[in-house]
Amino acid sequence: MESWDDFLAPYTQAVEELKVKLKGLRKQFERENIHSPIEFVTGRVKPIVSILDKASQKDIRIDKLGTGMQDIAGLRMMCQFVDDIEQVVELLRGRNDFEIVEERNYISHKKASGYRSYHVVIRYPVQTIHGEKNILAEIQIRTLAMNFWATIEHSLNYKYKGIFPEDIQLRLKRAAEAAFLLDAEMSQIRTEIQEAQRLFSRKKDS
Ligand code: 0O2
């Protein structure tokens, strides 16, 4: 039986490589002076305790984690606007350094919790000293407002161990609705915001 260190090594390598690659996209937009659909990128390897928790909740055998758990390697791409998400997904679809195996649209189909995000599961080839190893990774693409909500909900979830008091659950749903309205409002005034950003960066450069 492989040690956790050995098992997780290609996932760590994949997360590091993908962070560089996906952050690089933003730099390309900046260099060309066009609005970047990517605000920032984060990545993490799921901690062993979380892997074990999820495996027991979802009945995934430990020797089947490589295929049964898609988000051991996780990347997040944050966007300013909802429309940017589709542009980011298109960029991912056009790449040839990984293969998309699944897409889950929790924006058009939000979760019961109020969670919204676009998930793209990829098969990513990691080059190791023993040859190529394909691993699954999950890229979550969301707006800053969706990320704000998900981050708070995730930490409350941790505190309440997934069982929220009814009033908190209701407030979280209302907060999700507020985040949705904020995204809609921001999209409407997008043109004005972009114009302001262009003026600001011109001023900064002069
Ligand atoms: P962590 O700590 O983020 O790694 P599921 O059946 O929904 O449990 P599955 O099949 O793995 O999950 O696929 P899904 O839903 O596409 O991806 C799960 C991940 O999406 C979660 O990972 C979260 O990152 C995020 N997510 C899904 N639903 C919610 C939600 O209601 N609230 C928040 N805050 N995040 C959510 P993990 O493993 O839960 O945790």
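What you see is a predicted model; the values in this text were computed from it and never measured.

Reading the values: the criteria
Residues numbered from 1 in each chain as written. Predicted model: local features only at pLDDT ≥ 70, side-chain atom pairs only at ≥ 80, totals over all residues. Heavy atoms only, no water. Helix = DSSP H or I, 4+ residues; strand = E, 2+ residues; numbered from the N terminus. Buried < 20%, exposed > 50% of the residue type's maximum accessible area, 1.4 Å probe, protein only. Contact = heavy atoms within 4.5 Å. Areas by Shrake-Rupley, 256 points an atom, 1.4 Å probe, with all protein chains shown as cover. Lys, Arg positive; Asp, Glu negative; His and termini not counted. Charge placed at Lys NZ, Arg CZ, Asp CG, Glu CD. Pairing = 2+ DSSP bridges. UniProt positions renumbered as here; feature names shortened; annotations may be inferred. Near = heavy atom within 4 Å. Polar contact = N/O pair within 3.5 Å; in protein donor to acceptor, adjacent residues only side chain to side chain. Nonpolar A, V, L, I, M, F, W, Y, C, P; charged D, E, K, R; others polar. Axes fitted to C-alpha atoms, helices over the stretch in contact; angles between N-to-C directions.

Any chance you could explain the overall build of the protein chain here in plain terms?
When you go through the protein chain residue by residue, the secondary structure sums to seven helices and five strands. Seen in sequence order, the protein chain has helices and strands lined up from the N terminus as α-β-α-α-β-α-β-β-β-α-α-α. A buried classification covers 36% of the 206 residues belonging to the protein chain. Considering only intrachain contacts with a sequence separation of at least 6, the fraction spanning at least 24 residues in the protein chain is 64%. Carbon and sulfur atoms provide 54% of the accessible area of the protein chain, an area that totals close to 12,800 Å². The centroid of the 32 positive side-chain charges in the protein chain is displaced by 3 Å from the centroid of its 31 negative side-chain charges.

Can you walk me through the pairing of strand β2 (residues 73-79) in this structure?
Look at any regular strand and the pattern is simple: side chains alternate between the two faces of the sheet. Within β2, six of the seven residues are buried, which leaves it mostly tucked inside the rest of the structure. By the bridge criterion, six bridges tie strand β1 (residues 40-45) to β2 in an arrangement that is antiparallel. Counted as the bridge partner of Gly43 is Leu75 from β2. Looking at chain direction, β2 and strand β5 (residues 131-143) are connected through seven bridges and run parallel. If you follow Arg76 over to β5, its bridge partner there is Gln140.

Can you help me understand the UniProt feature "domain: RelA/SpoT" (unreviewed entry) in the protein chain in this one?
Residues given the UniProt feature "domain: RelA/SpoT" (unreviewed entry) here are residues 43-164. As annotated, residues 43-164 has a helix share of 35% and a strand share of 34%, and its two end C-alpha atoms lie 27 Å apart.

Could you clarify how one ought to interpret the site of the ligand in this entry?
The full set close to the ligand counts 17 residues, and Lys46, Lys54, Lys58, Lys111 and Ser113 are the nearest of them. At 2.7 Å from an oxygen atom of the ligand is found a side-chain nitrogen or oxygen belonging to Arg44. Between an oxygen atom of the ligand and a side-chain N or O atom of Asp71, the distance comes to 3.4 Å. Considered on its own, the ligand offers 730 Å² of accessible surface; in the complex 74% of this is hidden by protein. For the shell around the ligand, the elements supplying multiple residues, two or more each, are β5 and α5 (144-160). A total of three residues in the shell around the ligand trace back to one element, the largest contributor, which is α5. Among the residues making up the shell around the ligand, the classes are represented as three nonpolar, four polar and 10 charged.

Got a minute to help me understand the sheet that holds β5 in this structure?
To summarise the sheet geometry, strands pair through backbone hydrogen bonds and adopt either a parallel or an antiparallel arrangement. Strand order in this open sheet of five strands is β1-β2-β5-β4-β3, and the pairing throughout is mixed. Looking at strand neighbours, the two that pair on one side only are β1 and β3 (99-105), the edges of this open sheet. Across the sheet, the axes of successive neighbouring strands diverge by a mean angle of 25 degrees, strand direction being ignored. Looking at chain direction, strand β4 (residues 118-128) and β5 are connected through 11 bridges and run antiparallel. When the sheet's bridge partners are listed, Tyr124 is paired in β5 with Ile135. On top of the sheet, helix α1 (residues 4-31) reaches β1, β2, β4 and β5; it is set at about 180 degrees to β1, its chief contact. Of the strands in this sheet, β2, β3, β4 and β5 touch helix α4 (residues 82-93), which is tilted by about 165 degrees from β5.

Honestly, unusual backbone geometry in this entry has me stumped. Any pointers?
Most of the time, phi is negative for any residue but glycine, and the peptide bond is trans. One non-glycine residue with positive phi stands out, namely Asn33, at about 60 degrees. Along the chain, the position of Asn33 falls in the loop between α1 and β1. Here Asn33 falls in the exposed class, since its relative accessible area comes to 64%. Of note, the phi angle at Asp59 is positive, near 55 degrees, even though the residue is not glycine.

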